[in-house]
Amino acid sequence: MSEVKLAAETRTEFGKGAARRIRRENKVPGVVYGHGGDPIHVTLPGHELQLALRTPNVLLSLDVDGKTQLAIPKAVQRDAIKGFLEHVDLLLVKLGEKVTVELPIVTEGELAAGGNLLEHVLNTLSVETEATHIPESVTVSIAGLDAGASVLAKDITLPSGTTLAVDADAVVLQVLAAQAEEAPAEGAGDEAAAEA
């Protein structure tokens, strides 16, 4: 996983008015917390942060007042309609520290023939991994799975240094049989027409 370097400025103004002024300058208000220290309120460059957040669980190298700190996104607030960043919460991490993150689940392969459907019971898998080596996703092979089959969390091969943070017997994916539409019974339409 690569680090994305961002220059962050500490901020002293708070509230809606200050946040609006920051966003008008194409910047994003945020807070950096963790390791028992006081939260640091920062302003981050909007475009660079938006690009960095395209990678799930990205590791950010923040330059705050000349001091470099590593952080991962913990909560991202976006405008519901336009999608621009409104606020971001960042969690401080250290080299070698373990963190719990949600990894996207990627499937590969084709289901068994017969028009079966794949249901994603979980879209992400909660894992514990080293903060500086967070995998981008986990890949699950669904090749040849037939109706009634399911993939449990413990069945997924995790990258080295990564452990499950969910129940090992949690269902992640399941294969459902395709539902055929039932044809209306003969004569049912005739009876309804006679009653009207």
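Bear in mind that the values here come from a model prediction, so they are computed numbers and not experimental data.

Cut-offs used in this document
Residues numbered from 1 in each chain as written. Predicted model: local features only at pLDDT ≥ 70, side-chain atom pairs only at ≥ 80, totals over all residues. Heavy atoms only, no water. Buried < 20%, exposed > 50% of the residue type's maximum accessible area, 1.4 Å probe, protein only. Helix = DSSP H or I, 4+ residues; strand = E, 2+ residues; numbered from the N terminus. Pairing = 2+ DSSP bridges. Arc of directions from axis to C-beta. Contact = heavy atoms within 4.5 Å.

J.: Requested: an account of the pairing of strand 4 (residues 59-64), with residues and values cited.
T.: The buried count for strand 4 comes to 5 of 6 residues, which makes it a mostly enclosed element. Judged from the 6 bridges that link them, strand 1 (residues 3-10) and strand 4 form a sheet pairing that is parallel. Within strand 4, the position partnered with lysine 5 by the bridge is serine 61. Sheet topology note: the strand 4/strand 5 (residues 67-78) ladder contains 5 bridges and is antiparallel. Bridging across to strand 5, valine 64 finds its partner in lysine 67. Here strand 4 hands over to strand 5 after 2 residues, with aspartate 65 in that stretch at a positive phi of 50°.

J.: Tell me what's going on with helix 1 (residues 16-24), and back it up with residues and numbers.
T.: Those residues of helix 1 lying buried are Ala18, Ala19 and Ile22. Down the axis of helix 1, the buried side of the element spans an arc of 100°, and every buried residue falls inside it. What points out from helix 1, more than 90 degrees from its buried face, is the exposed set Lys16 and Arg24. Next to the buried residues of helix 1 lie strand 2 (27-33) and strand 3 (40-45).

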